[in-house]
Amino acid sequence: GSIRLLTLHFALSSSDEIAIFIHEVRMSTSPIYEAVSFCWATEDGDGSRNCTLSCDGTLIFITRNCEAALRRIRNSQDRIRWVDAICIFCASIGDEIPQKLGVWTSVF
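Below: a short report on this structure. Only a predicted model underlies this, so the values are computations on that prediction, with no experimental measurement involved. (Residues numbered from 1 in each chain as written. Predicted model: local features only at pLDDT ≥ 70, side-chain atom pairs only at ≥ 80, totals over all residues. Heavy atoms only, no water.)

**Some points on the overall build of the protein chain**
A count of helical and extended segments in the protein chain gives three helices and six strands. What you see in the protein chain, going N to C, is helices and strands ordered as β-β-β-β-β-α-β-α-α. Looking at the protein chain as a whole, 33% of its 108 residues qualify as buried. Here the analysis covers contacts within the protein chain between residues at least 6 apart in sequence; of these, 62% occur between residues at least 24 apart. Accessible surface, the protein chain as shown: approximately 6,500 Å² in total, 54% of it carbon and sulfur. (Helix = DSSP H or I, 4+ residues; strand = E, 2+ residues; numbered from the N terminus. Buried < 20%, exposed > 50% of the residue type's maximum accessible area, 1.4 Å probe, protein only. Contact = heavy atoms within 4.5 Å. Areas by Shrake-Rupley, 256 points an atom, 1.4 Å probe, with all protein chains shown as cover.)

**Let's talk about the pairing of strand S4 (residues 51-55)**
Burial runs high along S4: four of the five residues are buried. Bridge count between strand S2 (residues 19-26) and S4: two bridges; the pairing is parallel. Counterpart to Ile 20 in the pairing with S4 is Cys 55. With five bridges connecting them, S4 and strand S5 (residues 58-62) associate as antiparallel partners. Paired with Ser 54 across the two strands is Leu 59, which belongs to S5. Remark: two residues form the turn of the hairpin made by S4 and S5, two consecutive strands paired antiparallel; Asp 56 in that turn has positive phi of roughly 50°. (Pairing = 2+ DSSP bridges.)

**Observations regarding the environment of Arg 49**
Here Arg 49 is to be found in the loop between strand S3 (34-36) and S4. It is 5.3 Å that separates the C-alpha atoms of Arg 49 and Phe 61, two residues lying 12 residues apart in sequence. When sequence neighbours within four positions are dropped, the list of residues in contact with Arg 49 reads Trp 40, Phe 61, Ile 62, Thr 63 and Ala 85. For Arg 49, the side chain forms a polar contact with the main-chain oxygen of Phe 61, separated by 3.4 Å. (Polar contact = N/O pair within 3.5 Å; in protein donor to acceptor, adjacent residues only side chain to side chain.)

**Here's the deal with the pairing of S2**
For strand S1 (residues 2-8) and S2, the ladder comprises seven bridges, and the chain directions are antiparallel. Bridge pairing in S2 places Ser 2 opposite Arg 26.

**Things to note about the sheet that holds S4**
Reading across the sheet, the six strands line up as S3-S6-S1-S2-S4-S5 and stay open at both edges, with mixed pairing between neighbours. Two strands close off the open sheet at either side, each with one partner strand: S3 and S5. Between one strand axis and the next, the sheet turns by 45° as a mean value, whatever way the strands run. The strands touched by helix H1 (residues 64-73) are S1, S3, S4, S5 and strand S6 (79-83); relative to S5, the strand with the most contacts, the crossing angle is about 115°. (Axes fitted to C-alpha atoms, helices over the stretch in contact; angles between N-to-C directions.)

**Remarks on the environment of Cys 55**
Position of Cys 55 relative to the elements: it lies in strand S4. Through-space distance from the C-alpha of Cys 55 to that of Ile 20 is 4.9 Å; in sequence the pair is 35 residues apart.

**Section: the nonpolar core**
Ranked by internal contacts, the top residues of the largest apolar core, which has 24 residues, are Ile 20, Leu 53, Leu 70 and Ile 86. Of all the elements in the fold, those that place two or more residues in this core are S1, S2, S4, H1, S6 and helix H2 (84-87). Looking at this core, the element that brings in the most residues is S1, giving four residues. Leaving out residues up to four positions away in the same chain, Leu 70 has contacts with Leu 8, Ile 18, Leu 53, Ile 62, Val 83 and Ile 86. (Core = buried A, V, L, I, M, F, W, Y, C linked by side-chain atoms within 4.5 Å.)

Structural data, given as structure tokens:
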């Protein structure tokens with residue numbers, strides 16, 4: 001199986017735009033990455049995707065909690081991460097759920 005990982009680009013300031021690059025890797029290659037999972041919605045239940053980040057030059061929409069988490073975990077160098085809210089494309093899962101469950105358990 002394979003998973004999507006993202007490279008979270010470094011920032012000089014916490015207010016800098018969040019920039020990532022998404023790539024797919026085979027689990028058989030034992031990729032090195034850090035997994036990040038969190039509540040997608042805010043404490044008041046807001047799960048709307050009203051924040052943006054740059055994904056290889058294209059803007060994608062993310063939740064406020066996702067934006068806050070990415071700002072907290074980025075640092076002075078690019079890092080490879082698996083961020084559930086970005087690396088799992090819920091709209092594309094469909095009939096693949098049974099196959100994906102086996103892969104997701106190996107992410108952590």
